[in-house]
Amino acid sequence: MRKQIVAGNWKMNTTPAEGTELAKAVAELSKEVADNVSLIVAPPFTHLCSVAKTLAGTKVALSSQNCADQASGAYTGEVSARMIASLGASYVILGHSERREYYGETSEILNKKMAQAYANDLTPIYCVGEKLNERETGKHFDVVRAQIEEVVYQLAPEQFDRLIIAYEPVWAIGTGKTATADQAQEMHAYIRSVLAEKFGDKAAACPILYGGSCKPSNAKELFAKTDVDGGLIGGASLVAADFIAIAKSF
Ligand code: 13P
């Protein structure tokens, strides 16, 4: 059986003090979440140290939202995977559409970031997803396939064993317009088939999360689908009660 995972991507929100309060509330409410559901929060870099302390000894794991594509050195403003791991984070979100779109992250850059993540024992949460015009012109499967082939296909099989994928249709992110459960299932099943072409039976074990306006009111329907193994939550992860309600939707 695949892992069920709900991860909160806080994006560029909250001060460190507010983040600590949010993490405390999530940790407290996490006691209500079933043992087989993994919870992850991804605060901004500036909060990792304090949130790690808040989450110590709880069932909530820590992720960063990004990492540098280099190990160390003269890269002003960058934060390395080693730094992130040393603070107690176990995951890193890579390839988020906002990183691809606003910061020019290409597959070439993402391959380097993936290598840094694995070298430092961080589990990547690798995001894929098409834009609205790509869906409207019927290119969504091809776009997602390319995002997988160019990055995930470059992994060694034992690296793939530790990968989490998040399908986040760009048109559903922060728009309040969620993919229907059937649209999500269709794409998740497609992603799994593309993974199976390269990694065979291992694809059946890869968690594939849905992201894009996932909230307490629609999580149940989405998570009921065979290939939807949880969610990567933006806006709703900033409200502890909503985030936990989503995690109780399996
Ligand atoms: P929203 O849940 O705010 O749509 O964001 C989804 C997302 O981008 C998570 O990474």
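Scroll up a little and you will see the structure.
Since we're looking at a predicted model, the values are computed, not measured.

Enquirer: How should I be thinking about the site of the ligand in this particular structure?
Expert: Neighbouring residues of the ligand: Asn9, Lys11, His96, Glu168, Ala172, Ile173, Gly174, Gly212, Ser213, Leu232, Gly234 and Gly235. Contact between the ligand and Ser213: an oxygen atom at 2.7 Å from a main-chain N or O atom of the residue. Coverage of the ligand by the protein amounts to 95% of the 310 Å² it exposes when considered alone. Per-class residue counts for the shell around the ligand are three nonpolar, seven polar and two charged.

Enquirer: Would you explain the pairing of strand β6 (residues 164–167) in this entry?
Expert: Burial of the side chains of β6 extends over both faces: Ile164 and Ala166 are buried on one face and Ile165 and Tyr167 on the other. For strand β5 (residues 123–128) and β6, the ladder comprises four bridges, and the chain directions are parallel. Considered in β6, the bridge of Val128 is made with Tyr167. The sheet contact formed by β6 and strand β7 (residues 208–211) spans three bridges and is parallel. Across the sheet, residue Ile165 finds its bridge partner in β7, namely Ile208. This β-α-β element, β6 to helix α9 (residues 181–199) to β7, shows right-handed connectivity.

Enquirer: It is not clear to me how the packing of aromatic side chains should be interpreted in this structure. Could you clarify?
Expert: For the structure shown, the criterion picks out six aromatic pairs. For the ring pair Phe223 and Phe250, a centre distance of 4.5 Å and an interplane angle of 20° mean the geometry is stacked. Remark: Phe250 occurs in the segment after α11 (240–247) and Phe223 occurs in helix α10 (residues 216–223); sequence separation between them is 27 residues. With a relative accessible area of 7%, Phe223 lands in the buried category.

Enquirer: Explanation requested: the sheet that holds strand β2 (residues 37–42) in the structure shown.
Expert: Spatially, β1-β2-β3-β4-β5-β6-β7-β8 is the arrangement adopted by the eight strands of the closed barrel, whose pairing is parallel. For this sheet, the mean inter-axis angle between neighbouring strands, taken without regard to orientation, is 30°. Contacts from helix α2 (residues 48–55) reach β2 and β3 (60–64) within the one sheet, and its direction differs from that of β3 by about 170°. Across the sheet, helix α7 (residues 140–151) touches β5 and β6, and the angle it forms with β5 is around 150°.

Enquirer: Would you take a moment to explain the layout of surface pockets for this structure?
Expert: Empty space among the atoms becomes visible once a probe the size of a water molecule is rolled across them. In this model, the largest pocket occupies a volume close to 430 Å³. Contributing to the lining of the largest pocket are 13 residues, with Lys11, Met12, Gln65, Arg99 and Tyr103 lying nearest its centre. Of the residues forming the lining of the largest pocket, the biggest block, three residues, is contributed by helix α4 (residues 97–102). When its residues are assigned to classes, the lining of the largest pocket shows six nonpolar, four polar and three charged. Considering only enclosed or pocket space, the second largest pocket measures out at about 320 Å³ in volume. The wall of the second largest pocket is formed by 21 residues, among which Ser97, Arg100, Glu101, Lys131 and Val170 lie closest to the centre. With five residues, α4 is the largest single contributor of residues to the lining of the second largest pocket.

Enquirer: Looking at this structure, I do not really get unusual backbone geometry. What am I missing?
Expert: In most cases, non-glycine residues show a negative phi, while peptide bonds are predominantly trans. Backbone geometry at Lys11 places phi at a positive 55°, although glycine is not the residue there. Along the chain, the position of Lys11 falls in the loop between β1 (4–9) and α1 (16–29). In this structure, Asp121 is a non-glycine residue whose phi angle is positive, near 60°.

What counts, and where the lines are drawn
- Residues numbered from 1 in each chain as written.
- Predicted model: local features only at pLDDT ≥ 70, side-chain atom pairs only at ≥ 80, totals over all residues.
- Heavy atoms only, no water.
- Near = heavy atom within 4 Å.
- Polar contact = N/O pair within 3.5 Å; in protein donor to acceptor, adjacent residues only side chain to side chain.
- Areas by Shrake-Rupley, 256 points an atom, 1.4 Å probe, with all protein chains shown as cover.
- Nonpolar A, V, L, I, M, F, W, Y, C, P; charged D, E, K, R; others polar.
- Buried < 20%, exposed > 50% of the residue type's maximum accessible area, 1.4 Å probe, protein only.
- Helix = DSSP H or I, 4+ residues; strand = E, 2+ residues; numbered from the N terminus.
- Pairing = 2+ DSSP bridges.
- Right-handed = clockwise from strand over helix to strand, strands pointing away.
- Phe/Tyr/Trp six-rings, centres within 6.5 Å; stacked < 30°, edge-to-face > 60°.
- Axes fitted to C-alpha atoms, helices over the stretch in contact; angles between N-to-C directions.
- Contact = heavy atoms within 4.5 Å.
- 1 Å grid on protein atoms, 1.4 Å probe; cavity = no way out; pocket = protein on both sides within 12 Å on 5 of 7 lines; lining within 4 Å.
- Points joined across faces, edges and corners; volume = space filled by probe spheres on them.

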